[in-house]
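Chain and residue survey
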Amino acid sequence: MKIIKVVDALEQFAPLPLQEDFDNAGLQVGLTEAEVSGALLCLDVTEQVVDEAIALGCNLIVSHHPLIFHKLAHISGENYVQRVVMKAIQSHITIVSMHTNMDNARGGVNFKIAEKMGLQHVDFVGGVKTVQGVDGCSLVMGDFSEPMAADDFILLLKKAFDVECVMCNQLLRREIRKVAICGGAGSFLLGDAIKAGADAFVTGEMHYHEYFDHEQQIQIAVIGHYQSEQFTQEIFKSIIEEQCPGVKCYLTKTNTNPIIYL
């Protein structure tokens, strides 16, 4: 099976027009007419990830975050992006990224986060854009079958996402049932979550001042950008295995989170 068939399957699930205007999802490096020898699935593409693909005999890397986000004026190996591009080309490895199009697609990143939390009745909140028959939106909301106290909610997040700490505002003094979600840097949707009547809002990043003035209005829970999106590769795997049977898929064993907690 050619690489282009795998790419088509991913883009049918999450069409590229669903991505945000600032994004650069899609083909990053390489050719798509080659026969796929295996696909390594990851969140970020680093030199170590490319080495892992080489060791596994994979000529395709599917990442969530685009390797090339800003224009490359030259390729001289002065930073990791340039070095990865060079190594991928030298090793005949194709790199494809499914970023905000996969964030926004039904069944995409935010739905996977909701699944890991055990939420039910998960659906989009706010304006829905439909592209090529696929609905897309940046915010989803679901509910727990049984409401829980705020401290238990935080403990659930720590366990489900294996996080060392959750950044929160003042703990809510009422039970939490409805939870709004935007993985990654989703703080811009806090207001939409409040308007939708969510008891809690889970995201990966927020700025200091955005925590103010929401005490007892909504439980803010920030679990880390990498941590919120770490299961995205599971989505890639299920799509490829269903639509492209026979293609070997590997979940990366490389932790690419550049942030450490000491």
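That block above? That's the structure.
Attention in this report is confined to the structure presented alongside it. Predicted, not measured: the structure shown is a model, and the values here were computed from it.

Reading guide: rules and limits
- Residues numbered from 1 in each chain as written.
- Predicted model: local features only at pLDDT ≥ 70, side-chain atom pairs only at ≥ 80, totals over all residues.
- Heavy atoms only, no water.
- Helix = DSSP H or I, 4+ residues; strand = E, 2+ residues; numbered from the N terminus.
- Pairing = 2+ DSSP bridges.
- Contact = heavy atoms within 4.5 Å.
- Axes fitted to C-alpha atoms, helices over the stretch in contact; angles between N-to-C directions.
- Phe/Tyr/Trp six-rings, centres within 6.5 Å; stacked < 30°, edge-to-face > 60°.
- Buried < 20%, exposed > 50% of the residue type's maximum accessible area, 1.4 Å probe, protein only.

Moving on, we get to unusual backbone geometry. One non-glycine residue with positive phi stands out, namely Q132, at about 50 degrees. Along the polypeptide, Q132 turns up in the loop between β6 (129-131) and β7 (134-136). Of note, the phi angle at Q216 is positive, near 65 degrees, even though the residue is not glycine.

The strands that make up a sheet pair up through hydrogen bonds in the backbone, lying either parallel or antiparallel. An order of β5-β8-β10-β11-β12-β9 is seen for the 6 strands of this open sheet, with the pairing classed as mixed. The sheet terminates laterally at β5 (120-124) and β9 (167-168), the two strands that pair on one side only. Docked against the sheet, helix α5 (residues 109-117) engages β5, β8 (140-148), β10 (176-182) and β11 (200-203), running at close to 150 degrees with respect to β10. Across the face of the sheet, helix α6 (residues 150-160) comes into contact with β8, β9, β10, β11 and β12 (219-222) while running at roughly 120 degrees to β8.

Right, let's talk about the packing of aromatic side chains for a bit. Counting across every chain of the model gives 5 aromatic pairs. Centroid distance F161 to F231: 6.0 Å. Interplanar angle 50 degrees. Geometry classified as tilted. Taken together, the positions of F161 in the loop between α6 and β9 and F231 in the loop between α8 (225-229) and α9 (232-243) put the pair 70 residues apart, joining distant regions of the chain. When the ring of Y208 is compared with that of F212, the centres are 5.4 Å apart and the planes differ by 80 degrees; the resulting orientation is edge-to-face. A residue is classified by how much of its surface remains accessible, and F212, at 45% relative accessible area, is partly exposed.

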